[in-house]
Amino acid sequence: MKIRRFGRTEFKISQLTFGGGWVGGILIDPDKEIMHKALSLSSEKGVNWIDTAESYSEGISEKNIGELLSSFTNDTFQISTKARLDPNSSESIISQIDRKIDASLGRLQRNFVELYQLHNPIQNISDKNNISVKDILKKGGVADAMEMFKSDGRIKSIGITALGEIDAINEVVLSDCFDVAQIYYNLLNPSASFSSPGEWNDHNFSNLIKNCKSRDMGLMNIRIYAAGYLATDKRHGREIPITFGINENELNRRVEKINSILHDIEGTKAQKALRYGLSNNDMSTIVIGLAKIEHLEEALEGYDLGHLDEEILTKIKHLQNNNFS
């Protein structure tokens with residue numbers, strides 16, 4: 001598997017990252033034997049990074065990773081984790097992050113993580129779940145706090161989850177305070193690569209990739225399967241929306257449009273969705289969500305199929321640029 005430069009961090013990251021999230025749940029629900037088998041297979045195929053968060057089943061993902069990694073050498077996997085903050089809490093942002101880092105490191109059984117990320121969506125005004133640009137960039141805010149904890153060695157690089165309102169996200173990106181961004185990008189919503197939203201009527205992330213690249217940030221492609229909509233017709237009840245714009249009927253209509261273009265392309269639906277992500281050279285890595293060993297095997301086989309060819313990509317881009325009409 002290709003190992004890529006991870007933006008301005010000192011790290012090299014595999015083109016696929018093992019996702020420890022709740023939607024896939026392979027590091028949360030199965031027996032430890034299955035989890036260990038999945039990590040072993042990933043390592044054998046060249047995957048060197050695991051992405052998790054404190055909120056994934058209330059720390060269970062981190063805890064399981066910590067227990068599993070004791071049977072691997074220290075340099076087998078690099079780890080990123082994330083924290084949600086409460087900007088309205090009486091506890092300061094610095095104190096929240098300090099406490100949450102220690103809790104995550106305890107569950108992971110590590111002295112540091114390679115990447116620590118803000119998990120809140122970013123908006124212009126803070127509320128219970130979202131955090132404002134002001135709370136990120138002000139003195140004593142998120143950026144200051146994370147930089148402080150980089151200096152004490154518990155975290156090596158810092159990042160954001162680039163969800164929320166695009167103007168606010170881009171302001172944070174252009175502040176040059178963060179090393180990495182998690183980017184929502186898939187066949188149904190590639191707007192992070194747009195220079196202008198144009199007629200686009202789904203959640204808009206235009207100019208995000210360009211702005212991240214201008215600051216030499218590492219890019220982690222999240223939701224490549226659109227919470228499973230691009231991978232299978234079966235719904236598992238964990239299709240948690242993290243974007244807003246179109247309704248489910250329109251989402252399903254767009255899935256059908258994409259499937260009609262990709263009908264004769266080699267691979268399963270999930271593999272075709274992954275191959276689309278592999279076709280974007282701006283991404284440092286693609287975080288893949290998994291529920292079963294078979295999903296991992298499918299992803300690894302899809303990786304070996306490589307990116308989509310230019311003729312198909314042109315057809316897809318035409319559909320996307322015309323708002324799937």
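As shown above, the structure is provided for reference.
Keep in mind that this is a model prediction, so the values were computed, not measured.

What counts and how
Residues numbered from 1 in each chain as written. Predicted model: local features only at pLDDT ≥ 70, side-chain atom pairs only at ≥ 80, totals over all residues. Heavy atoms only, no water. Pairing = 2+ DSSP bridges. Helix = DSSP H or I, 4+ residues; strand = E, 2+ residues; numbered from the N terminus. Axes fitted to C-alpha atoms, helices over the stretch in contact; angles between N-to-C directions. Buried < 20%, exposed > 50% of the residue type's maximum accessible area, 1.4 Å probe, protein only. Right-handed = clockwise from strand over helix to strand, strands pointing away. 1 Å grid on protein atoms, 1.4 Å probe; cavity = no way out; pocket = protein on both sides within 12 Å on 5 of 7 lines; lining within 4 Å. Points joined across faces, edges and corners; volume = space filled by probe spheres on them. Nonpolar A, V, L, I, M, F, W, Y, C, P; charged D, E, K, R; others polar. Expected span 1.5 Å × (residues − 1). Arc of directions from axis to C-beta. Contact = heavy atoms within 4.5 Å. Polar contact = N/O pair within 3.5 Å; in protein donor to acceptor, adjacent residues only side chain to side chain. Salt bridge = Lys/Arg side-chain N within 4 Å of Asp/Glu carboxyl O.

1. A closer look at the sheet that holds strand β6 (residues 115-118)
One key point about sheets: their strands pair by backbone hydrogen bonds, in either a parallel or an antiparallel sense.
Part 1: The strand order around the closed barrel built from 8 strands is β3-β4-β5-β6-β9-β10-β11-β12, with neighbouring strands paired in parallel fashion. This sheet shows a mean twist of 30° between the axes of neighbouring strands, independent of strand direction.

2. A closer look at the pairing of strand β10 (residues 180-184)
In regular strands, side chains alternate between the two faces of the sheet.
Part 1: Counting buried residues along β10, 5 of its 5 residues qualify, which places the element largely inside the surrounding structure.
Part 2: Bridge count between strand β9 (residues 158-161) and β10: 3 bridges; the pairing is parallel. Across the sheet, I160 pairs through a bridge with A181, a residue of β10.
Part 3: In this view, the connection linking β9 to its parallel neighbour β10 by way of helix α6 (residues 166-174) has right-handed handedness.
Part 4: In the sheet, β10 pairs with strand β11 (residues 218-222) via 5 bridges, with the strands oriented parallel. Across the sheet, A181 pairs through a bridge with L219, a residue of β11.
Part 5: The parallel pair β10 and β11 is bridged by helix α7 (residues 208-214), and the resulting crossover is right-handed.

3. Notes on the layout of surface pockets
Part 1: Counted as a void, the largest pocket has a volume near 1200 Å³.
Part 2: W22, V23, G24, R223 and A227 are, among the 47 residues lining the largest pocket, the residues nearest its centre.
Part 3: Put simply, the parts of the chain that give the lining of the largest pocket at least two residues each are β12 (285-288) and α10 (293-305).
Part 4: For the lining of the largest pocket, the element with the most residues is α10, which contributes 3 residues.
Part 5: Its residues assigned to classes, the lining of the largest pocket shows 21 nonpolar, 18 polar and 8 charged.

4. Comments concerning helix α8 (residues 248-262)
Part 1: For α8, spanning 15 residues, the distance from its first C-alpha to its last is 21 Å, which sits close to the expected 21 Å at 1.5 Å a residue.
Part 2: Residues of α8 that are buried: E250, L251, R254, V255, I258 and L262. Looking straight down α8, one finds its buried side chains confined to an arc of 145°; they lie on one side. In α8, those exposed residues whose orientation departs by more than 90 degrees from the buried face are N249, E256 and S260.
Part 3: Tucked inside the fold, the buried residues of α8 contact α9 (269-278) and α11 (310-321).
Part 4: At the N-terminal end of α8, a side-chain oxygen is found 3.2 Å from the backbone nitrogen of N249, two or three residues along, and the residue is N247.

5. Describing the pattern of salt bridges
Part 1: For the structure on display, the rule yields 20 salt bridges.
Part 2: Two residues, R110 and E114, come together in a salt bridge whose shortest N-O distance is 3.0 Å. Here the two residues R110 and E114 agree in accessibility, since each one is buried.
Part 3: The salt bridge involving E147 is made with K150; its shortest N-O contact spans 3.8 Å. Taken together, the positions of E147 and K150, both in helix α5 (residues 142-151) and 3 residues apart, correspond to about one turn of that helix.
Part 4: By relative accessible area, which is 39% here, E147 ends up partly exposed.
Part 5: Each of R8, E147, K150, D176 and D179 takes part in one network of salt bridges that share partners.

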